[in-house]
Amino acid sequence: MTLTPLAAGRQHTVRCLPNGRVVAVGADSAGECQVSQWRDVVAVAADNVHAAGNTGRSHTLGLRSNGTVLACGWNAQGQCNVQDWHGVIAVAAGWRFSAGLRGDGTLVTTGRDVEGQRQVDHWREITGISCGDWHTVAVREDGSVCAVGSNAAGQCEVHDWGRMRAVSAGYLHTLGLLGNGTVRAVGRPESWAGVEHWTDIIAVAAGSYHSIGLKADGTVVAAGRSEPGQCDVSQWRDIVAIAAGAAHTVGLRTDGGVVATGSNSHGQLEVETWSCN
């Protein structure tokens with residue numbers, strides 16, 4: 001299970017530092033950036049939701065080294081009620097809901113379930129998870145993929161996927177990374193058209209309307225809409241981790257620095273001063 005040191009939300013960006021502390025920039029109207037007191041965190045997740053009149057607030061999750069989970073931000077539907085979670089090895093955040101992958105391959109969830117995105121109690125042998133706006137996607141040990149929740153644009157049509165290494169869920173699309181470094185996608189094509197030609201990919205990230213791929217050589221590729229510039233990653237080098245928000249993209253460099261591009265409406269790109277210690 002690959003831990004995620006970066007997360008990009010609707011209007012904020014979060015990073016887990018090597019020393020277990022967490023930093024965040026951007027919108028904080030619901031307290032989603034209130035992570036300065038967090039300790040022993042090994043991975044982070046942020047509620048990334050498409051831009052709309054009712055989606056300005058977000059929440060943030062932090063996975064601690066002891067398998068417990070921290071949360072801050074918007075909690076209107078209980079999406080931050082994770083204080084009783086234990087044995088968790090990965091976390092994911094959707095719009096008004098949260099999911100945690102336990103070490104035994106099962107999931108725990110909290111928050112919104114109107115679209116059925118939390119109907120995962122029967123899932124077993126899960127090795128990776130991702131939450132979109134209204135759907136949840138997971139990879140099984142055998143490389144197959146399962147999905148629940150809204151299927152308005154076909155973003156849950158993953159039943160025939162196999163040999164997958166990782167998945168990433170966006171607003172109305174889903175990306176799947178195969179073991180051979182190629183990528184599959186379903187859902188709204190305008191958010192992913194072109195990813196089927198990518199090669200040598202080691203990580204993928206789905207934003208609201210764009211898709212990002214990290215190549216083995218540390219460069220980054222992008223597809224989808226890019227009005228604010230969230231796909232302007234062609235000059236990035238030496239990248240080891242990526243995250244895609246609603247309309248921005250961030251990358252972690254080998255030297256510990258962070259690069260960002262896209263919408264900076266709430267200062268979510270102001271990452272250049274983050275310490276790597």
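Quantities reported herein were computed from a predicted structural model and do not represent experimental measurements. (Residues numbered from 1 in each chain as written. Predicted model: local features only at pLDDT ≥ 70, side-chain atom pairs only at ≥ 80, totals over all residues. Heavy atoms only, no water.)

Asker: How do you make sense of the overall build of the protein when you look at a structure like this?
Answerer: What the protein contains, in helices and strands, is zero helices and 21 strands. At 16 Å, the protein has a C-alpha radius of gyration in line with the 19 Å of a compact globule built from 277 residues. Across its three principal axes, the protein shows a C-alpha extent of roughly 45 × 45 × 35 Å. Across the 277 residues of the protein, 60% fall into the buried class. In the protein, of all internal contacts separated by at least 6 residues, the share reaching a separation of at least 24 is 42%. Counting only carbon and sulfur atoms, one obtains 45% of the accessible surface of the protein, whose full area is about 10600 Å². (Helix = DSSP H or I, 4+ residues; strand = E, 2+ residues; numbered from the N terminus. Rg over C-alpha atoms; globule rule 2.2 N^0.38 Å. Buried < 20%, exposed > 50% of the residue type's maximum accessible area, 1.4 Å probe, protein only. Contact = heavy atoms within 4.5 Å. Areas by Shrake-Rupley, 256 points an atom, 1.4 Å probe, with all protein chains shown as cover.)

Asker: Is there a simple way to think about the sheet that holds strand β7 (residues 88–94) in this case?
Answerer: In spatial order, the strands read β7-β8-β9; together these three strands make up an open sheet with antiparallel pairing. One side of each edge strand has no neighbouring strand; the edge strands of this open sheet are β7 and β9 (107–111). Averaged over all neighbouring strand pairs, the angle between strand axes comes to 15 degrees, with direction disregarded. Sheet analysis places strand β8 (residues 97–102) next to β9, joined by five bridges and oriented antiparallel. Bridge pairing in β9 links G100 to V108. (Pairing = 2+ DSSP bridges. Axes fitted to C-alpha atoms, helices over the stretch in contact; angles between N-to-C directions.)

Asker: I'm lost on the nonpolar core in this one. Help?
Answerer: Nonpolar side chains tend to gather and get buried jointly when the protein is soluble and globular. L101, L107, W123, I126, I129 and A138 are the most contacted members of the largest nonpolar core, which has 14 residues in total. The set of elements that each furnish at least two residues to this core consists of β7, β8, β10 (126–131) and β12 (145–149). (Core = buried A, V, L, I, M, F, W, Y, C linked by side-chain atoms within 4.5 Å.)

Asker: Is there a simple way to think about the packing of aromatic side chains in this case?
Answerer: Working definition: an aromatic ring pair is given by the centre-to-centre distance plus the angle between the planes. Applying the stated rule across the entire model yields four aromatic pairs. Consider the rings of W95 and W134, whose centres lie 6.4 Å apart with planes at 70 degrees: the pair is edge-to-face. Of this pair, W95 sits in the loop between β7 and β8 while W134 sits in the loop between β10 and β11 (135–140), and the two are 39 residues apart along the sequence. As far as the burial class goes, W95 and W134 line up, both buried. (Phe/Tyr/Trp six-rings, centres within 6.5 Å; stacked < 30°, edge-to-face > 60°.)

Asker: Sorry, what's going on with the pattern of salt bridges here?
Answerer: Any two side chains of opposite charge can pair, on the condition that their charged atoms come close. For the structure shown, the criterion picks out six salt bridges. Linking D40 and R64 is a salt bridge whose minimum nitrogen-to-oxygen distance equals 3.3 Å. A residue pair is termed long-range when its members are at least 10 positions apart, and D40 in the loop between β3 (22–26) and β4 (41–46) and R64 in strand β5 (residues 59–64) qualify at 24 residues. A relative accessible area of 40% places D40 in the partly exposed class. With its nearest N and O atoms 2.7 Å apart, the salt bridge here joins E115 to R112. Residue class for E115 comes out partly exposed when judged on its relative accessible area of 23%. Note on R112: relative accessible area 13%, which makes it buried. Beyond isolated ion pairs, a larger network of salt bridges with shared partners links E190, R225 and E227. (Salt bridge = Lys/Arg side-chain N within 4 Å of Asp/Glu carboxyl O.)

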